[in-house]
Amino acid sequence: MTLPKNKKIEQEHIESMKIAVDQYDIRAIHPDKMEEFAEHLVQKARNQEPTSWRTGSPLEE
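Residues numbered from 1 in each chain as written. Predicted model: local features only at pLDDT ≥ 70, side-chain atom pairs only at ≥ 80, totals over all residues. Heavy atoms only, no water.

1. Some words on the overall build of the chain
Piece 1. Helix and strand counts for the chain stand at two helices and zero strands.
Piece 2. Taking all 61 residues of the chain together, the buried fraction comes to 15%.
Piece 3. When the accessible area of the chain is evaluated, it comes to approximately 5600 Å², of which 53% is carbon and sulfur surface. (Helix = DSSP H or I, 4+ residues; strand = E, 2+ residues; numbered from the N terminus. Buried < 20%, exposed > 50% of the residue type's maximum accessible area, 1.4 Å probe, protein only. Areas by Shrake-Rupley, 256 points an atom, 1.4 Å probe, with all protein chains shown as cover.)

2. What about the nonpolar core?
Piece 1. Ranked by size, the top nonpolar core spans five residues in total: Ile 9, Ile 14, Met 17, Ile 29 and Phe 37.
Piece 2. Apart from residues no more than four positions distant in its own chain, Phe 37 is found in contact with Ile 14, Met 17, Lys 18, Val 21, Ile 26 and Ile 29. (Core = buried A, V, L, I, M, F, W, Y, C linked by side-chain atoms within 4.5 Å. Contact = heavy atoms within 4.5 Å.)

3. Considerations on the packing of helix H1 (residues 11-23) against helix H2 (residues 31-48)
Piece 1. Packing of H1 against H2 brings their axes to within 10 Å, and their N-to-C directions diverge by 95 degrees. Taken together, the axes of H1 and H2 lie roughly perpendicular to each other. The residues of H2 that touch H1, namely those facing His 13, Ile 14, Met 17, Lys 18 and Val 21, are Lys 33, Glu 36, Phe 37 and His 40.
Piece 2. For the contact of H1 with H2, the per-class residue count stands at four nonpolar, two polar and three charged. (Axes fitted to C-alpha atoms, helices over the stretch in contact; angles between N-to-C directions. Parallel < 35°, antiparallel > 145°, perpendicular 65-115°, else oblique. Nonpolar A, V, L, I, M, F, W, Y, C, P; charged D, E, K, R; others polar.)

Rendered as structure tokens:
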């Protein structure tokens, strides 16, 4: 099962899941909510990826 594209992840849920993971364990999160949390982590990782400083091919230099 995947998270629908049109579903907005609520920041309140993300914060409560972070607290649950910090205080207890990842198993404290309900499996249905785990998809939202995983999607949040994926989006966070994608936003932190470094951008390429090259605009073309290395052979063009």
